[in-house]
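Residue-level structure breakdown
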Amino acid sequence: MVSSELVTDRRQRPLQVLRLSLTARCNLACSYCQPDHREVSGLLSQSQRLALIEACCRLGVRSLRLTGGEPLLSDQLEPLLEAIRLRRQQPGDPLSQLEEVALTSNGLLLDQARAERLRRAGLDRITLSLDGLDAGVVAAMAGLPEVGEAGSRALAAVREAIVVAREAGFDPRLGALKLNSVIQRGRNEDQLLPLAAFARDQGLELRLIEFMDVGHRNGWSGDQVMPAAEMLRQLQAVWPLEPLGRPAGGTARRWRYRDGAGVVAMIASVSEPFCSDCNRARITADGQLFTCLFASTGLNLRPWLEPHPDAESLVVALRDHWSARMDRYSEERSLQVQTDPERAEMAYLGG
């Protein structure tokens, strides 16, 4: 029998964070993501998802983030959360080692009733996405019609999602409610300061994300990247900041506003790669394991999940694959040649 064990890769990076996608579908078509708008075939069952979470916990995972596409489109989200909640309460269960269960969402489907159900089901933290405060910019970034009310409706929906999430008990003061914003030069860089002002007013940690070259559909080029250092200079010119640093294995470097109005963070995987201590694995909605957001291929986990999960063999497969891991794409980005193989798309990987 395979016992629980901590695993590290060939660069001595532990496996600590699992991002599990529930669906590849999304109700937006953000410029930096470009989803398929159709579901992948062969979605994992709840028992298969739980088996994967258990195996990863046995290997060291302490943080689980549920993603999509848009995870609120999945009718299995709340049943899965409830099953996880029950197991986290059982002493000795591998899932009892989970320190947090989080969700990344665009917020458009998060109404008051849904937020309350998610909280009761055991969700600890929500990160919502908003790439601007101008309706036209929101529409352009989200792939919505720029003529008409679509951008205004989306903006209003996210604003309301922030309100209902807070009321449901996701307290931003405890880090349980955060806001993600991708800043893309030439599209929404003029929204940087308005977004920061909004987040300060709402008491939210704003996480500013550099435009990344995930997949091949988003038309990425380096001149569309607004480096974190430039974002920081713009913020500093208005609101003095003091550094808090980046925790080991974390994606975000954080700063505190000196006037006490909260925290802002930056995810700078292009200009300031953090491959050296990356501790995240991604499992897609159809059971492919990816050990890097920029990977071309993953490991098909179905042989250990069908016809029913084989717990011990699954742990061995995951352990062996992670142990062989060498990924550090962001550190090697400048060395990539134009014949770089086609990479998996963000919506499929779960971001």
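No experiment lies behind these values; they were computed from the predicted model shown. (Residues numbered from 1 in each chain as written. Predicted model: local features only at pLDDT ≥ 70, side-chain atom pairs only at ≥ 80, totals over all residues. Heavy atoms only, no water.)

Let's shift gears to the overall build of the protein. Looking only at helices and strands, the protein has 10 helices and 12 strands in total. For the protein, whose C-alpha radius of gyration is 20 Å, the value lies close to the compact-globule estimate of 20 Å for 351 residues. In terms of principal-axis extent, the alpha carbons of the protein reach across some 60 × 50 × 40 Å. Total accessible area on the protein stands at roughly 14,700 Å², and carbon and sulfur atoms take up 50% of it. (Helix = DSSP H or I, 4+ residues; strand = E, 2+ residues; numbered from the N terminus. Rg over C-alpha atoms; globule rule 2.2 N^0.38 Å. Areas by Shrake-Rupley, 256 points an atom, 1.4 Å probe, with all protein chains shown as cover.)

Relative to the 26 Å expected for 18 residues at 1.5 Å per residue, helix α5 (residues 150-167) spans 26 Å between its end C-alpha atoms, a close match to the ideal helical length. What α5 keeps buried is the set Ala150, Gly151, Ala154, Leu155, Val158, Ala161, Ile162, Val164 and Ala165. Contacts made by the buried residues of α5 are with α3 (112-120), β4 (125-129), α4 (135-142), β5 (177-183) and α6 (192-202). The positive-phi residue at the C-terminal boundary of α5 is Gly169, with phi of around 110 degrees. (Expected span 1.5 Å × (residues − 1). Buried < 20%, exposed > 50% of the residue type's maximum accessible area, 1.4 Å probe, protein only. Contact = heavy atoms within 4.5 Å.)

Two measures define how a pair of helices packs: the angle their axes make with one another and the distance between the axes. Two elements in contact, helix α1 (residues 46-58) and helix α8 (residues 311-323), have axes separated by 9 Å at closest approach and are oriented at 55 degrees. Here α8 runs oblique to α1, going by the angle between their axes. Judged by the twist between their axes, the crossing of α1 over α8 is right-handed. Facing α1, whose interface residues are Ala51, Leu52, Ala55, Cys56 and Arg58, α8 presents Ala311, Glu312, Leu314, Val315 and Leu318. (Axes fitted to C-alpha atoms, helices over the stretch in contact; angles between N-to-C directions. Parallel < 35°, antiparallel > 145°, perpendicular 65-115°, else oblique. Left-handed = near helix turned anticlockwise from the far one by under 90°.)

With that settled, the discussion passes to the environment of Thr67. Among the structural elements, Thr67 can be located in strand β2 (residues 63-67). Between the alpha carbons of Thr67 and Cys33 there is a distance of 13 Å; along the sequence they are 34 residues apart.

Time to look at the nonpolar core. Counting residues in each nonpolar core, the largest one holds 111 residues, and the members touching the most others are Leu66 and Leu110. Not counting chain neighbours up to four residues away, the residues in contact with Leu66 comprise Leu20, Leu22, Pro71, Leu77, Leu80, Leu81, Val101, Ala102, Leu103 and Thr104. (Core = buried A, V, L, I, M, F, W, Y, C linked by side-chain atoms within 4.5 Å.)

Looking at where Glu345 falls in the secondary structure, it is placed in the loop between α9 (329-332) and α10 (346-349). Owing to a relative accessible area of 9%, Glu345 belongs among the buried residues under this scheme. Once residues lying within four places of it in the same chain are set aside, the contact partners of Glu345 are Cys33, Val214, Gly215, His216 and Arg217.

It is worth stressing that arrangement in space is one thing and function is another; only the former is reported here.
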